[in-house]
Amino acid sequence: MADDTTAARDEGIARVARLRTDVSHSARIWNYWLGGKDHYPVDEEVGDQILGFVPALPRSAVADRAFLSRAVRHLAGQEGIRQFLDIGTGLPTADNTHEVAQRVDPSCRIVYVDNDPLVLTHAHALLTSTREGATDYIEADVQDPEKIIRGAAETLDFDRPVAITMLGILNFVMDTDEAVSIVHRLLDAVPAGSHLVISHPTTEVDGEAMTQAVEYWNSQGSALMTLRSRADLSRLFDRVDLLEPGLVSCSRWRPVPGTGEPVEVTHFGGVGRKS
């Protein structure tokens with residue numbers, strides 16, 4: 001017991017040491033734009049600077065989150081998916097993947113993956129599974145898909161279909177060939193009938209302003225990120241069959257009927273099925 005306590009203490013110390021409060025982080029800025037409280041002054045400062053280039057970005061943050069909810073609800077409700085691998089989880093908020101999926105079927109199993117120490121400190125909010133289902137959290141980097149697969153296999157059955165969700169994470173893989181390779185390695189681990197959900201900031205909407213915003217972001221010390229065109233994003237889906245309406249602005253992927261014409265946002269998204 002003493003060894004376990006010491007290990008837990010050492011892990012906590014290491015986690016705090018990695019938690020930089022003087023450098024902004026995308027998950028915390030996203031949290032700020034979504035109206036959350038899990039961020040620091042530096043995140044507000046950088047977030048406000050970015051809004052100077054693209055004032056509508058909070059709308060993108062909201063649309064991206066709503067896209068995740070609609071995609072998960074569709075996959076659980078219409079496609080019969082009961083396993084979800086959520087890579088690039090971000091900070092917990094309303095309608096996390098397990099909450100949406102387990103409302104459809106309480107037996108759904110979800111594994112969250114992120115490499116931000118602050119997300120790890122809040123992971124307890126992601127592990128409130130139903131009794132019938134399961135949730136788990138893996139601290140890992142998107143650029144190490146093998147580690148992700150090994151860890152997820154403790155909770156998910158890779159002989160049955162899995163939905164891999166990657167919202168706002170592949171933009172931190174600067175090389176498009178590498179991003180495509182990561183997606184391929186993850187898809188190789190799951191069977192036919194599995195699905196891939198991706199959202200990504202693009203140059204397709206407010207391209208010049210978005211380019212300036214990303215140049216600023218990359219100049220101030222945080223993890224480098226990139227924008228991609230529709231053609232580049234299409235490569236990420238080259239091993240799956242895109243569901244209708246294809247690769248579109250997140251706000252326009254199967255919007256809730258009766259909510260009016262959705263406004264295009266800077267994040268594009270799509271859902272594909274592995275044959």
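Look above for the structure.
Remember, it's a predicted structure, so these values are computed and weren't measured experimentally.

Draft legend 1. Fine view of the pattern of salt bridges. Under the counting rule described, the total for this entry stands at 8 salt bridges. A salt bridge links Arg235 to Asp177; its shortest N-O distance comes to 2.8 Å. Highlighted residues: Arg235 in helix 10 (residues 230-235) and Asp177 in helix 8 (residues 176-188), separated in sequence by 58 residues. When its relative accessible area of 33% is taken as the criterion, Arg235 is described as partly exposed. For Arg252, the salt bridge is made with Glu261, and the minimal N-O distance between the two is 3.8 Å. On the accessibility criterion, Arg252 (33% relative accessible area) is partly exposed.

Draft legend 2. Summary view of helix 3 (residues 41-53). Taking 1.5 Å as the rise per residue, helix 3 with 13 residues should run 18 Å; its terminal C-alpha atoms sit 19 Å apart, in good agreement. All of the buried residues along helix 3 are Val42, Asp43, Val46, Gly47, Ile50 and Leu51. Looking at the buried side of helix 3, the elements it contacts are helix 2 (26-33), helix 4 (57-77) and helix 9 (207-219).

Draft legend 3. Spatial organisation of the packing of helix 4 against helix 5 (residues 97-104). It is the contact of helix 4 with helix 5, at a shortest axis distance of 9 Å, that shows an interaxial angle of 35°. As helix 4 packs across helix 5, the resulting crossing turns out to be right-handed. In this structure, helix 4 contributes Leu68, Ser69, Val72, Arg73, Ala76 and Gly77 to the contact, and helix 5 contributes Thr97, Val100, Ala101 and Val104. In terms of residue class, the contact of helix 4 with helix 5 is made up of 6 nonpolar, 3 polar and 1 charged.

Draft legend 4. Summary view of the pairing of strand 5 (residues 195-201). Strand 5 sits mainly inside the fold: 7 of its 7 residues count as buried. Covered by surrounding structure in strand 5 are His195, Val197, Ser199 and Pro201 together with Leu196, Ile198 and His200, the residues of both alternating faces. Bridge count for strand 4 (residues 163-167) against strand 5 is 5 bridges, and the pairing is parallel. Within strand 5, the residue paired with Leu167 across the bridge is Ser199. As for the winding sense of the linkage, the β-α-β connection from strand 4 through helix 8 to strand 5 is right-handed. Of the strand pairs in this sheet, strand 5 and strand 8 (residues 267-273) are connected by 7 bridges, and their pairing is antiparallel. Bridge pairing links Ser199 to Gly269 in strand 8.

The rules behind the values
- Residues numbered from 1 in each chain as written.
- Predicted model: local features only at pLDDT ≥ 70, side-chain atom pairs only at ≥ 80, totals over all residues.
- Heavy atoms only, no water.
- Salt bridge = Lys/Arg side-chain N within 4 Å of Asp/Glu carboxyl O.
- Helix = DSSP H or I, 4+ residues; strand = E, 2+ residues; numbered from the N terminus.
- Buried < 20%, exposed > 50% of the residue type's maximum accessible area, 1.4 Å probe, protein only.
- Expected span 1.5 Å × (residues − 1).
- Contact = heavy atoms within 4.5 Å.
- Axes fitted to C-alpha atoms, helices over the stretch in contact; angles between N-to-C directions.
- Left-handed = near helix turned anticlockwise from the far one by under 90°.
- Nonpolar A, V, L, I, M, F, W, Y, C, P; charged D, E, K, R; others polar.
- Pairing = 2+ DSSP bridges.
- Right-handed = clockwise from strand over helix to strand, strands pointing away.

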